Number of protein chains: 2
Amino acid sequence: MSSTTPAHASAPAHGSVAAKSASAMAQAIADGTSTPSTLLEEHLAIIAQREPQVHAWIHLDRDGARARARALDAAPAAGPLHGIPFGIKDNIDTCDMPTGYGSAIHAGFRPARDASCVAAMRLAGANPLGKTVSTEFAHRAPGATRNPHDPAHTPGGSSSGSAAAVACGMVPIAFGSQTTGSVIRPAAYCGVVGFKPTYGQFNPSGMLANTPSFDTLGVMARAVEDIALVRRALLDGSLPAFAPAALAGVRVGVCRTPFWDRASADAQALLEDAAVALARSGVRLSDFDGGGAFDGLEHANLVVSGYEFARTLVHERLYAYERLSAVLREGRMADGLRETHAGYVAALQRLERARALLDQAFTAVDFVLTLPAPGAAPEGLASTGSAAFNMPWTTLHTPAVTLPIARDAHGLPLGVQLVAQRYRDGPLLDIAHTVLARLRR
Amino acid sequence: MSSTTPAHASAPAHGSVAAKSASAMAQAIADGTSTPSTLLEEHLAIIAQREPQVHAWIHLDRDGARARARALDAAPAAGPLHGIPFGIKDNIDTCDMPTGYGSAIHAGFRPARDASCVAAMRLAGANPLGKTVSTEFAHRAPGATRNPHDPAHTPGGSSSGSAAAVACGMVPIAFGSQTTGSVIRPAAYCGVVGFKPTYGQFNPSGMLANTPSFDTLGVMARAVEDIALVRRALLDGSLPAFAPAALAGVRVGVCRTPFWDRASADAQALLEDAAVALARSGVRLSDFDGGGAFDGLEHANLVVSGYEFARTLVHERLYAYERLSAVLREGRMADGLRETHAGYVAALQRLERARALLDQAFTAVDFVLTLPAPGAAPEGLASTGSAAFNMPWTTLHTPAVTLPIARDAHGLPLGVQLVAQRYRDGPLLDIAHTVLARLRR
């Protein structure tokens, strides 16, 4: 594990906690050169400075976090994330903080249980700092968060607050969730590492999935090794140790996707340059077209997500329809209520076949290199951007990681996305670390 | 839709509401020969009489149900379940009643949202009467419920209260959930119709799934047409209308399963007799062995359910370990914490292949006939019985329905289970109605 200085946070001063990885922070605590309380105060200072512009948090539990930090100061550093502060998207339950699912309908609700991921982080010694802004029910209607690199630009969504908070050093780790592009896209727009595991690999208990067939819990951090650390805390100690992988001989398929013409010239050039750079490091490049897995995929995705979304939010349809946003009511919910059951089942069956086709296509490549988003974060806050470059991978249940490697002329982050076959999450993180080190500018 | 008098409830007096289907009750309300309030009081009277022995309810909302019934009395009968009382397993969230997940740890918790199924029933005009007893987190440690046919016998679990409540006429419909055999087995032990749809078909939002890869929301009722009515309310009006199917020419595979030697002589004889009776009605019988889908299935089921169970209940491990039952802590949770990640992934991949094998096996038969349980409800309340005859179908995500067709010498219900290929839920209910009419004694 080498990278402790992320290339593209908000240009933090050298030595600032915002320039450190969680792994380095945990090491400092283990070495006795920092303490959980010191670390927390450093993060609270950044929040005090940046939050008035960024609006990453819907609930900040300063007092609770300080009490927990004091308890951790006094305890032996047993867990691998001892004293590390983290953020939690507001559609993920917490037993000691409100959870509002990004909607005024449920503002202030107090769940009985921590979501599985939150409790697992506490077990590993991490310190939950608060709840980050989610779009409404993790769909499209944006919250207050702004892109920390330019407040006139969207941070992406739906995990808006988590991406922005990690990007400007408010926390080194935050949880998000992805229905279509809700982890990878905001991570890319804000210039952090975002990871969406294979569907189902991170236990979803306590996450409000608006589309149960797609929704996947994800993690954002400033270094790939931090993602691996969280993954081990959420899964188990039997995982092979994180080990950056060599590039020589690795087979990488460059996937321009059926949506290539939606990408900006900047983003297209970045991907082509990244492929060339990886080839120079010994990667064996090929073109990857999904072997038929992408045929009709966008339609099937819309049918399944619409059908399930409308049936997840029956409570809100019944009790609080007028308090839902127009974009939700008249968009995906209305679409989902128009779908027929036969169409829904046909789409589910098509997706099963598409996953088998993609498995077959992955016999020819070890990883796929693609874009995480059509370009840098668009100007404006009304839209969280396009998920076109995320839709195939979420729909097909593969793991994906986005890596921040450059900035555009405006100073906004650009990145690449790496994808692996389902269940190859560990090897994906191992190669992603090396790819990031090789490509970042 | 013909059957309105179930054969095997608790021998209710003719004309009693406990002898009626929900469909007949809805018709009576539509005809003006009953009202939601009248219907509710009839059910409350049965509860007053039977609950002291049966203990089906963890929370009964008499006042709320009466207020809702009065509102429904005054409203036009718009929904297909207008005024029909129903019960809700205690691991399914309700916004106006406590939800304790079968554990003292969470007793009295008030969720923010109705589970999707609860809100959908309200939208259809149904009247939630209360929360039914669940085993602890829908696992093994039993609640207070007793079998209404003999209080010294288990009602089965984990949906114990829902099965018992429907069996003795306290409600015509109740929701349960199935991780392994938690709907079909208690329904069979209590002598009601139990239905577990294809995995994922009923939106799981608001159900606490202890094993997300298997847990499926299910329904119990006293008539197959009532299940179809609920299914339409939960899915959509585009479903083909429920239409009892003819038996002649239907291909039925008799599946004795790898666990045939665990079945009682009574149950074995019942299944063989049922097959003969169906053949006399023109069914084309064959033996069904799953085409390899069952190989290693029990092991894979245990690995996946253990691994996920332990990771669902991290909150409880962290905050309330001592308040978990010994059977949970030292059984499935300990097993799950011992599993390796590699073993878990291998089991998930094996299940995917097994589902494809089962799809292939289903090209030779339209439905499978098997047992819902190894026999009648065992004596004793410490165990909820064996799920061996449910494990294959839940693990492989197929729809299943149990039909009460006889009683043993002791007066306890015995039944058969019908299974269909994934997504053939509608045809399964259509044939189940005819099979029940043909076989019940």
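Quick caveat, the model's predicted, so the values are computed rather than measured. (Residues numbered from 1 in each chain as written. Chains lettered and ligands numbered in written order. Predicted model: local features only at pLDDT ≥ 70, side-chain atom pairs only at ≥ 80, totals over all residues.)

Quick notes on the overall build of chain A
Alright, step 1. Counting its secondary structure elements, chain A contains 14 helices and eleven strands.
Alright, step 2. Each principal axis of the C-alpha distribution contributes one length, and for chain A these read about 60 × 60 × 45 Å.
Alright, step 3. A burial count over chain A gives 63% of its 441 residues as buried.
Alright, step 4. For chain A, the proportion of contacts with a sequence separation of at least 24, taken over those separated by at least 6, is 78%. (Helix = DSSP H or I, 4+ residues; strand = E, 2+ residues; numbered from the N terminus. Buried ≥ 20, exposed ≤ 12 C-beta atoms within 10 Å, placed from the backbone. Contact = placed C-beta atoms within 7 Å.)

Comments concerning the confidence of the model for chain A
Residues and elements named next belong to chain A.
Alright, step 1. Residues with a pLDDT of 70 or more make up 97% of chain A, whose mean pLDDT is 95.
Alright, step 2. Low confidence marks residues 1-10, where pLDDT is under 50. Its contacts with residues over four positions away, or in another chain, come to 32 contacts.
Alright, step 3. The ipTM assigned to the predicted complex is 0.96, against a pTM of 0.96. (pLDDT = per-residue confidence, 0-100.)

Topic: the nonpolar core
Alright, step 1. Counting 283 residues, the largest nonpolar core has V193, F367 and L418 of chain A together with V193, F367 and L418 of chain B as its most contacted members.
Alright, step 2. Contact partners of V193 of chain A, with chain neighbours within four places excluded, come to A187, M220, A221, R222, A223, V224, I227, V401, T402, L403 and P404 of chain A. (Core = buried A, V, L, I, M, F, W, Y, C linked by C-beta atoms within 7 Å.)

Points about the sheet that holds strand β6 (residues 216-221) of chain B
Residues and elements named next belong to chain B.
Alright, step 1. The eleven strands lie next to each other as β1-β3-β2-β4-β6-β5-β10-β11-β9-β7-β8, forming an open sheet whose pairing is mixed. Here the strands that pair on one side only, and so sit at the sheet edges, are β1 (57-60) and β8 (284-287). For this sheet, the mean inter-axis angle between neighbouring strands, taken without regard to orientation, is 30°.
Alright, step 2. Bridge count between strand β7 (residues 251-254) and strand β9 (residues 367-370): three bridges; the pairing is parallel. Across the sheet, the residue bridging to V252 is F367, located in β9.
Alright, step 3. Here helix α7 (residues 224-234) sits on the sheet in contact with β4 (173-178), β5 (193-196) and β6, set at roughly 140° to β6. (Pairing = 2+ DSSP bridges. Axes fitted to C-alpha atoms, helices over the stretch in contact; angles between N-to-C directions.)

A closer look at the interface of chain A and chain B
Alright, step 1. The interface of chain A with chain B comprises 34 residues on the first partner and 34 residues on the second.
Alright, step 2. Sorting the residues of the side of chain A that touches chain B by element identifies α4 (116-123), α9 (297-312), α10 (314-319) and α12 (341-361) of chain A as the ones contributing at least two each.
Alright, step 3. Here the side of chain A that touches chain B gets five residues from one element, more than from any other, and that element is α4 of chain A.
Alright, step 4. Here the side of chain A that touches chain B is built from residues that sort into 16 nonpolar, twelve polar and six charged. (Nonpolar A, V, L, I, M, F, W, Y, C, P; charged D, E, K, R; others polar.)

Quick look at the sheet that holds strand β5 (residues 193-196) of chain A
Residues and elements named next belong to chain A.
Alright, step 1. Here we have eleven strands laid out as an open sheet, ordered β1-β3-β2-β4-β6-β5-β10-β11-β9-β7-β8, and mixed in their pairing. Only two strands of the sheet have a single neighbouring strand rather than two, namely β1 (57-60) and β8 (284-287). Sheet twist, expressed as the average angle between the axes of neighbouring strands with direction ignored, equals 30°.
Alright, step 2. Strand direction decides the pairing type here: strand β10 (residues 400-407) and strand β11 (residues 413-419), joined by seven bridges, are antiparallel. Of the residues in β11, the one forming a bridge with A406 is L414.
Alright, step 3. Across the sheet, helix α8 (residues 265-280) touches β7 (251-254), β8, β9 (367-370), β10 and β11, and the angle it forms with β11 is around 55°.

Things to note about the relation of the copies chain A and chain B
Alright, step 1. Overlaying chain A with chain B gives an RMSD of 0.0 Å, the required rotation being 180° about an axis along which the chain moves by 0.0 Å. A rotation of that kind, with that shift, is consistent with a two-fold axis. Rotation axis and chain A: the residue whose C-alpha lies nearest the axis is P111 of chain A, separated from it by 3.4 Å.
Alright, step 2. The fraction of interface residues of chain A whose copies in chain B are also interface residues reaches 100%, indicating that both copies meet through the same surface. (Least-squares fit on C-alpha atoms with pLDDT ≥ 70 in both.)

Side note on the pairing of strand β10 (residues 400-407) of chain B
All names here are of chain B.
Alright, step 1. The element β10 is extensively covered by neighbouring structure, given that seven of its eight residues are classed as buried.
Alright, step 2. As judged from the three bridges shared by β5 and β10, these two strands associate in the antiparallel manner. Opposite K196, over in β10, you have A400 as the bridge partner.
Alright, step 3. Between β10 and strand β11 (residues 413-419), which pair antiparallel in sequence order, lie five residues; one of them, G411, sits at a positive phi of approximately 90°.

A look at unusual backbone geometry
Alright, step 1. Omega for the peptide link from G157 of chain A to S158 of chain A comes to 10°, which places this bond in the cis form.
Alright, step 2. Phi at T257 of chain A is positive, roughly 65°, even though this residue is not glycine.
Alright, step 3. Relative to the assigned elements, T257 of chain A resides in the loop between β7 and α8.
Alright, step 4. Residue classification places T257 of chain A among the buried residues on the basis of 22 C-beta atoms within 10 Å.
Alright, step 5. Positive phi, normally seen in glycine, also occurs at H55 of chain B, with a value near 55°.
Alright, step 6. Its location among the elements puts H55 of chain B in the loop between α2 (36-54) and β1.

Quick word on helix α3 (residues 62-74) of chain B
Residue and element names in this part refer to chain B.
Alright, step 1. Taking 1.5 Å per residue as the helical rise, α3 with its 13 residues ought to reach 18 Å, and the 19 Å between its terminal C-alpha atoms agrees with that figure.
Alright, step 2. All of the buried residues in α3 are A65, R68, A69 and L72. In a view along the axis of α3, the buried residues occupy a sector of 105°, so they form one face of it. The outward face of α3, more than 90 degrees from its buried face, is lined by the exposed residues D63, A67, A71 and A74.
Alright, step 3. Close packing links the buried residues of α3 with α2, β2 (85-89) and β3 (127-132). (Expected span 1.5 Å × (residues − 1). Arc of directions from axis to C-beta.)

Some details on helix α2 (residues 36-54) of chain A
Residues and elements named next belong to chain A.
Alright, step 1. Its axis deflected by about 35° at A48, α2 carries its strongest bend there, up to four residues before the proline P52.
Alright, step 2. Along α2, the residues that are buried comprise P36, L39, L40, H43, I46, I47, R50 and V54.
Alright, step 3. On its buried side, α2 packs onto α1 (22-31), β1, α3 (62-74), β2 (85-89), β3 (127-132) and α5 (160-167).
Alright, step 4. Just past α2, the residue H55 takes up positive phi, approximately 55°. (Bend = angle between axes of the 7 residues up to and from the residue.)

Observations regarding the packing of α7 of chain B against helix α14 (residues 425-439) of chain B
All names here are of chain B.
Alright, step 1. In contact at an axis separation of 9 Å, α7 and α14 are set at 165° when each is read in the N-to-C sense. With respect to each other, α7 and α14 are oriented roughly antiparallel. Relative to α14, α7 is oriented so that their crossing is right-handed. Residue-level contacts link V224, E225, I227 and A228 of α7 to L429, A432, H433 and L436 of α14.
Alright, step 2. In terms of residue class, the contact of α7 with α14 is built from six nonpolar, one polar and one charged. (Parallel < 35°, antiparallel > 145°, perpendicular 65-115°, else oblique. Left-handed = near helix turned anticlockwise from the far one by under 90°.)

Considerations on the environment of Y423 of chain A
Alright, step 1. Tracing the chain through its elements places Y423 of chain A in the loop between β11 and α14 (425-439).
Alright, step 2. A C-alpha to C-alpha distance of 8.1 Å links Y423 of chain A and P197 of chain A, two positions 226 residues apart in sequence.
Alright, step 3. In this view, Y423 of chain A contacts T198 of chain A together with V345 and Q349 of chain B; residues no more than four positions away in its chain are not counted.

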